Amino acid sequence: MKTQNTRTREILKILRARYPDVKTQLRHKTPFQLLVATILSAQCTDRQVNAATEKLFRHFKTPEDFSGADTAALENLIKSTGFYRNKAANIKNCARQIVERFDGQVPDNLEDLVSLAGVGRKTANIVLGAVFGIPGMVVDTHVARISVRLGLTGNKDPEKIEKDLMKIITEEDWNDFSLRLIFFGRQICRAKNPDCENCFLSHLCPAKKENGK
DNA sequence: CTCCCGATAT
DNA sequence: ATATCAGGAG
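Everything numeric in this text was worked out from a predicted model, so none of it was measured.

Colleague: Explain the protein's contact with DNA strand C here, please?
Modeller: Around DNA strand C lies a shell of 25 residues, among which Thr24, Leu26, Thr123, His142 and Arg145 are the nearest. What you see for DNA strand C is that sugar and phosphate hold 68% of its atoms within 4 Å of the protein. The separation between a phosphate oxygen of DNA strand C and a polar main-chain atom of serine 41 is 3.4 Å. When residues of the surface near DNA strand C are traced back to their parent elements, those giving at least two are helix H8 (121-132), helix H9 (141-149) and helix H11 (174-187). Of the residues contributing to the surface near DNA strand C, the split by class is nine nonpolar, ten polar and six charged.

Colleague: Explain a positive patch on the surface here, please?
Modeller: Positive charge collects at one region of the surface, where Arg27, Lys29, Lys55, Arg58 and Lys61 lie side by side. Note that lysine 61 resides in the loop between helix H3 (46-59) and helix H4 (63-67). Here lysine 61 falls in the partly exposed class, since its relative accessible area comes to 45%.

Colleague: When you look at the domain arrangement of chain A in this model, what are you seeing that I'm missing?
Modeller: Size of an interface: often given as the accessible area lost when the parts come together. According to the domain assignment, chain A contains domain 1 (6-21 + 139-204) and domain 2 (31-132). In this complex, domain 1 contributes seven residues to the contact, which on the side of domain 2 involves five residues. Here domain 1 meets domain 2 over a buried area of about 510 Å², counting both sides, of which 43% is carbon and sulfur. Connecting domain 1 to domain 2 are two salt bridges. For the side of domain 1 that touches domain 2, the secondary structure elements donating two or more residues are helix H10 (158-168) and H11.

Rules and cut-offs
Residues numbered from 1 in each chain as written. Chains lettered and ligands numbered in written order. Predicted model: local features only at pLDDT ≥ 70, side-chain atom pairs only at ≥ 80, totals over all residues. Heavy atoms only, no water. Near = heavy atom within 4 Å. Polar contact = N/O pair within 3.5 Å; in protein donor to acceptor, adjacent residues only side chain to side chain. Helix = DSSP H or I, 4+ residues; strand = E, 2+ residues; numbered from the N terminus. Nonpolar A, V, L, I, M, F, W, Y, C, P; charged D, E, K, R; others polar. Patch = residues over 30% accessible without salt bridge, like charges linked within 9 Å, V, L, I, M, F, W, Y side chains within 5 Å. Areas by Shrake-Rupley, 256 points an atom, 1.4 Å probe, with all protein chains shown as cover. Salt bridge = Lys/Arg side-chain N within 4 Å of Asp/Glu carboxyl O. Lys, Arg positive; Asp, Glu negative; His and termini not counted. Charge placed at Lys NZ, Arg CZ, Asp CG, Glu CD. Buried < 20%, exposed > 50% of the residue type's maximum accessible area, 1.4 Å probe, protein only. Domains from an automatic or database assignment. Contact = heavy atoms within 4.5 Å. Buried area = accessible area lost by both parts, 1.4 Å probe.

This is the structure:
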């Protein structure tokens, strides 16, 4: 039983109608490749990530490939995604941990996923949803920003927002809801110039910009 | 809390 | 010039 009010239900309904079939935009062939792409997606557009992984996955495919990769070569391949030194080290360590501790397979639960280098709750929940179909609330920069604007949470800490959203949204919708907010955040409810004029949720939004801003 | 960091839009 | 982008680690 969820404690969602009429307004929340309406928001969910409209988002579902606008974005019926959501799926990750991060291109990948295997669960591990999605994990790598998601690590790369920190503070970077999915477009940049896909451009980088197209070349990256030609050189390295499996956890074994990545764990044995030359660090400088790896850094060069992902440089355009930013934070490339941290990301390269994390991906390499993550790959080794998967080989050594999980028999080369991406773990199918939150606890094991977040134990991997460079993998936090956001990344873990992406993988859980896309690979294993396990419900997870993905709180990234878009979800956090929009949840605050729509008044779905009073918190700013991503983990608290995650818990707030899990309370008002039914489990089977967690993954899709997250992805819908991400698409909505890119198109309409942008960080910089939110397009309130053309927003299909503005009549339900406490943060709506009035005419003449 | 700070640091990591290149690409892109405004 | 500045803000922002599918964040996470120390």
